[in-house]
Each structure stands twice: as C-alpha cells, then as structure tokens.
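Residue-level structural notes
One-letter residues, chain by chain:
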Amino acid sequence: MEFLLTEEQQMIRKMVRDFAENEVAPTAAERDEEERFDREIFDQMGELGLTGIPWPEEYGGIGADYLSYVIAVEELSRVCGSTGVTLSAHISLAGWPIYTFGTEEQKQKYLRPMAEGKKMGAYGLTEPGSGSDAANMKTTAKRDGDDYIIDGSKIFITNAGEAEIYVVFAVTTPEKKHKGVSAFIVEKGTPGFSMGKKESKLGIRSSPTLGINFDQCRVPAENMLGNEGDGFKIAMMTLDGGRNGIAAQAVGIAQGALDASVNYAKERKQFGKPIGVQQGIAFKLADMATKTEASRLLTYQAAWRESQGISYGKESAMSKLFAGDTAMEVTIEAVQVFGGYGYIKEYPVERYMRDAKITQIYEGTNEIQRLVISKMLLAD
Ligand code: CAA
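Residues numbered from 1 in each chain as written. Predicted model: local features only at pLDDT ≥ 70, side-chain atom pairs only at ≥ 80, totals over all residues.

1. Quick look at the overall build of the protein
Quick reminder of the rule: Counting from the N terminus, the helices are the DSSP runs of H or I reaching at least four residues and the strands are the DSSP runs of E reaching at least two. Put simply, the radius of gyration uses C-alpha atoms, and a globule should come to 2.2 Å times the residue count raised to 0.38. Burial is judged by counting the other C-beta atoms within 10 Å of a residue's own C-beta: 20 or more makes it buried, 12 or fewer makes it exposed, and any count in between marks it as partly exposed, with every C-beta position built from the backbone.
Of regular secondary structure, the protein possesses ten helices and ten strands. Computed over the C-alpha atoms, the radius of gyration of the protein is 21 Å, within 12% of the 21 Å expected from 2.2 N^0.38 for a compact globule of 380 residues. For the protein, the spread of C-alpha atoms along the three principal axes comes to 80 × 45 × 40 Å. Counting only residues that meet the buried cut, the protein has 52% of its 380 residues in that class.

2. With respect to the domain arrangement of the protein
Rules: What fixes the domain bounds is an automatic or database domain assignment. Residue pairs are scored as contacts if the distance between their C-beta atoms, which are placed from the backbone, is within 7 Å. Each residue gets one of three labels, nonpolar for Ala, Val, Leu, Ile, Met, Phe, Trp, Tyr, Cys and Pro, charged for Asp, Glu, Lys and Arg, and polar for the others, Gly among them.
Under the domain assignment used here, the protein contains domain 1 (7–120), domain 2 (122–231) and domain 3 (239–378). Domain 1 and domain 2 are separated by 22 Å when their C-alpha centres are compared. Across the contact, 23 residues belong to domain 1 and 20 residues belong to domain 2. For the side of domain 1 that touches domain 2, the secondary structure elements donating two or more residues are helix 1 (7–34), helix 4 (81–101) and helix 5 (104–115). Sorting elements by how many residues they give to the side of domain 1 that touches domain 2 places helix 4 first, with eleven residues. Taken together, the residues of the side of domain 1 that touches domain 2 sort by class into eleven nonpolar, six polar and six charged.

3. Topic: the site of the ligand
The condition is simple: Whether a residue is near a molecule or strand depends on its C-beta atom, generated from backbone atoms, being within 6 Å of that molecule or strand.
In the neighbourhood of the ligand, 27 residues make up the surrounding shell, with Ala134, Thr158, Met236, Tyr362 and Gly364 lying closest. Elements represented by at least two residues in the shell around the ligand include exactly helix 4, strand 3 (147–158), helix 6 (231–267) and helix 10 (366–379).

4. Overview of the packing of helix 3 (residues 66–79) against helix 6
Here is the rule we go by: Note on definitions: angles span 0 to 180 degrees between N-to-C directions of axes, and those axes are lines fitted to C-alpha atoms, for helices only across the stretch in contact. An angle counts as roughly parallel when it lies under 35 degrees, as roughly antiparallel when it exceeds 145, as roughly perpendicular when it falls between 65 and 115, and as oblique in every other case. Two helices cross in a left-handed way if the nearer one is turned anticlockwise from the farther one by less than a right angle. They cross in a right-handed way if the turn is clockwise.
At a minimum axis separation of 7 Å, helix 3 and helix 6 run at an interaxial angle of 40°. The orientation of helix 3 with respect to helix 6, classified from their angle, is oblique. For helix 3 against helix 6, the interelement crossing comes out right-handed. Along its contact with helix 3, which presents Val70, Val73, Glu74, Glu75, Leu76, Ser77, Arg78 and Val79, the element helix 6 presents Asn244, Gly245, Ala248, Gln249, Val251, Gly252, Ile253, Gln255 and Gly256.

5. With respect to the pairing of strand 1 (residues 121–124)
What counts, and what does not: For two strands to count as paired, DSSP must find a minimum of two bridges between them.
Along strand 1, one buried face is formed by Gly121 and Tyr123 and the opposite face, lined by Ala122 and Gly124, is buried too. Note that strand 1 and strand 4 (residues 165–171) share four bridges and pair parallel. Residue Gly124 lies in a different strand from strand 4, and its bridge partner there is Val168.

6. Focus on the pairing of strand 4
In terms of burial, strand 4 is largely enclosed, as seven of its seven residues are buried. Both faces of strand 4 are covered, namely the face carrying Ile165, Val167, Phe169 and Val171 and the face carrying Tyr166, Val168 and Ala170. In this structure, strand 4 lies alongside strand 5 (residues 181–187), joined through seven bridges in antiparallel fashion. Paired with Val167 across the bridge in strand 5 is Ile185.

7. Regarding the UniProt feature "domain: Acyl-CoA oxidase/dehydrogenase middle" (unreviewed entry) in the protein
The following threshold applies: UniProt positions are given in the numbering used here, feature names are shortened, and annotations may be inferred rather than shown by experiment.
The UniProt record annotates "domain: Acyl-CoA oxidase/dehydrogenase middle" (unreviewed entry) at residues 122–217. Across residues 122–217, helical content stands at 0% and strand content at 51%; the span's end C-alpha atoms are separated by 17 Å.

8. Description of the nonpolar core
Where we set the bar: Working definition: the nonpolar core is a set of buried Ala, Val, Leu, Ile, Met, Phe, Trp, Tyr and Cys residues, joined through C-beta atoms within 7 Å.
Within the largest apolar cluster, 112 residues are counted, with the highest numbers of intra-cluster contacts made by Ala72 and Phe184. Per-element accounting of this core gives the leading share, 14 residues, to helix 6. Once residues lying within four places of it in the same chain are set aside, the contact partners of Ala72 are Ile12, Val16, Leu50, Ile53 and Leu87.

9. What about the packing of helix 4 against helix 6?
Between helix 4 and helix 6, whose axes approach to 9 Å, the crossing angle comes to 155°. Taken together, the axes of helix 4 and helix 6 are roughly antiparallel relative to one another. Pair helix 4 / helix 6 crosses with right-handed handedness. Side by side, helix 4 and helix 6 meet where Gly81, Gly84, Val85, Ser88, Ser92, Leu93, Trp96, Pro97 and Phe101 of the first sit next to Ile234, Thr238, Gly241, Gly242, Gly245, Ile246, Gln249, Gly252 and Ile253 of the second. Along the lines of polarity and charge, the residues of the contact of helix 4 with helix 6 split into eight nonpolar, ten polar and no charged.

Right under this line is the structure:
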C-alpha cells in the first residue's frame, strides 16, 4: 500500500492550490453574496487543463488519474465550494458518461471541447416529483424518424444556464419502468430546450442551479448515449463517480474550515492565552482534523480504485456519506471556535457551514448512500 502521492499528483495539487488561493479565493465571499457565477474562473480552469484532468489527450484532456481529479476538486473547495462543484459536475456528471458510453464521434464532438474548457457540461436527472426515487421520472423521449422528441422538465440542475452540453435522462418505454429510461446529449440552444427558474440557495450560491424544460425538443437519435433502455444504469454508474467528487468537495470545505479555525485559535487570546491551547478548543480542533483526514482517505481510496479499474460504487457512497457528515460537523464546530466572529460574514466559516450542507443532500442524500452501501453489503 502506498500513501505518497506521485510527482504528477503533487504537481497538480500545487498548481490547483496556487490557482485557488490567487484566483478563486479573493472573490469567493463576494460571489457568494451576489449569487454570481464567474465564467472566467471556468475558462482559467480550462487553460490549466483542469476541465479535462482524467480524459486522455486524444479527447482534449491531460490524461491524469481520478485521484488527481479529486485532489483538484478538494483544493478548489478548500476556498470555494461553488467552484469545486462546478468542476465536479462538469467532469463526473457530464464528462464521465460521454467518455464511458459515448461513440467516437460523440467524444470528439462533445467531450473534447468540454475537456478543453471551451464548453461546460451538466447532468439532468432530478425532476420535481423524482429526487431519491430517480427511476420514477416523467420526462419522455418519443422516437420520430431519425429523432427523439423530449418533453418534460428537470430541476436543481448544477451548471445549468452556463453549460452548453447536457446529459439528460428520459423515458423511452414507460411500461419498462427503469429499464425504459434512455440517456441523451442535448445542446444548449436546441429548439424546445429552455432554462427554468434559477434557484436562490442557502450555500454554494455562486454555482448556478436552474430548472431545465423540454417542450417538443427534437434531438437526433445519434445523440443517444448507449442504447435505448441503458439510461438508468448510465445514470447510476455516473453517480458512483460523481459521489466521490462530492466527497472531495466536502473534504475541501472541511479542510478550509479547519485551517481557518487553527489560525484563529492561535491568534485569538482569552483569559490571557490563545484559545487553541485551552482544552475546550484544542480537543475540538483535534476531532475536526481527525475526521477530515479520515474523509480524505476514504475519498482518495475510492478514486484510486476507479483509476485501477476496481469496483468503487460502495466506496464512493461511503466517502460521500462520511465526508459530507464530517464537513457539516467540522464547519459547525469552526463557527463555534470563532464564536461571535464566526457568525458574521467578515469571516469565511459561516460560508463554509452553509456550503457544507448540500454535500449531505445532492448526488443522493446521505440516507440514500446508506441504502446503497447496505444493499451492496447484503448482496456480497
Ligand atoms: N451501477 C450499475 N447499475 C446499477 C447501480 C449502479 N450503481 N445502481 C442500480 N443499478 C441497477 C440495478 O442493478 C438494477 O438493474 P436490473 O434492473 O438490471 O436488476 C437497476 O439499476 C435498478 O436498481 P434498484 O432496484 O436498486 O433501483 P431503485 O429504483 O430501487 O433505486 C437508488 C436505487 C439507489 C435509490 C437510486 O434511485 C438512487 O441512487 N437515487 C438517488 C438519486 C440521486 O442520487 N440523485 C442525484 C441527482 S444528481 C445531483 O444531485 C447533481 C448535482 O446537483 C451536483
């Protein structure tokens, strides 16, 4: 077993940390306050090769591994959870299914510009009436000659509005239930495809979340990913990796809150000495650091397994579950370490706390992760 990062992984960590601290952190609080997405940050990530980290060079990527990718999401999230999820949704939720199930033409047409950072990706699964029960979707896609006609709507779509390429799931054969779901690539600007409401959120406020609507939206059959009826499996397999991206986001948020807390605890004096050497705070910091490190190890392990081609669905559900709960706990404690200052917006920890909450909810609530883990345990 090897715990040292390779030279390439260390280099990617350093590059992303520098970028995050110099280019992302300075505007994080302001973008959060204004609920403003900054496309320039995404463009810069494209220039650095981050938008295509795990994809081979032939598809515009930099050919690194999934561990490098989760390190990048972690480092971005350490300063801005919104920027972390932008990259995670782009790579794991939109890029991965195209890379894994796409034809050569689909990869050249869609994955390449996404990997190069020229186009952004999004994933459309959730609907107003189907969140955890994803198979119960109502959006339909009816075959019509060489096309499919999509009707319905999706909600809570990360990157929507900004993204040019959407991986969307729709029912092609209703009587077959989940076996009648198919996956499509839909481009922004396709007639009948429009953006819905932009949500105003508790956290990750500079990551856009919108509904998307399909009204007689005609998509060529060649835009189907995999075969008719493969959609639900594609959606679930995509989430296996996506969940580890969210775990990485949670690790980054927890680490950011921990770093801020340690620095503050060294400087802030009460009763004549730094609060960090007083046991009430010192023990909090120790617990926060231990849980963050355990989350990181679970996340890196799942990413390593994916890179090695070993099953990683259970491990990703575990990493998201543990890291999401840890991020919530650590950020609540960070606010406590800062006391009254933690509650005001001049300090970053209240933002970390608000950003952490979503990691327990999206890409499958942590209750769903427990369901996934227990199903796999019992099936072994
Ligand atoms: N890989 C491959 N196949 C899988 C699979 C996986 N991980 N999980 C399930 N399947 C297959 C099963 O093997 C089964 O196949 P067969 O019919 O051939 O036997 C089929 O899918 C149905 O499986 P289940 O009976 O387990 O399905 P279910 O309807 O009971 O649902 C569930 C299972 C785990 C609850 C699933 O619905 C789920 O994951 N729900 C949560 C949805 C979710 O995570 N949504 C997130 C939205 S995206 C998002 O949040 C993005 C963002 O903003 C960033």
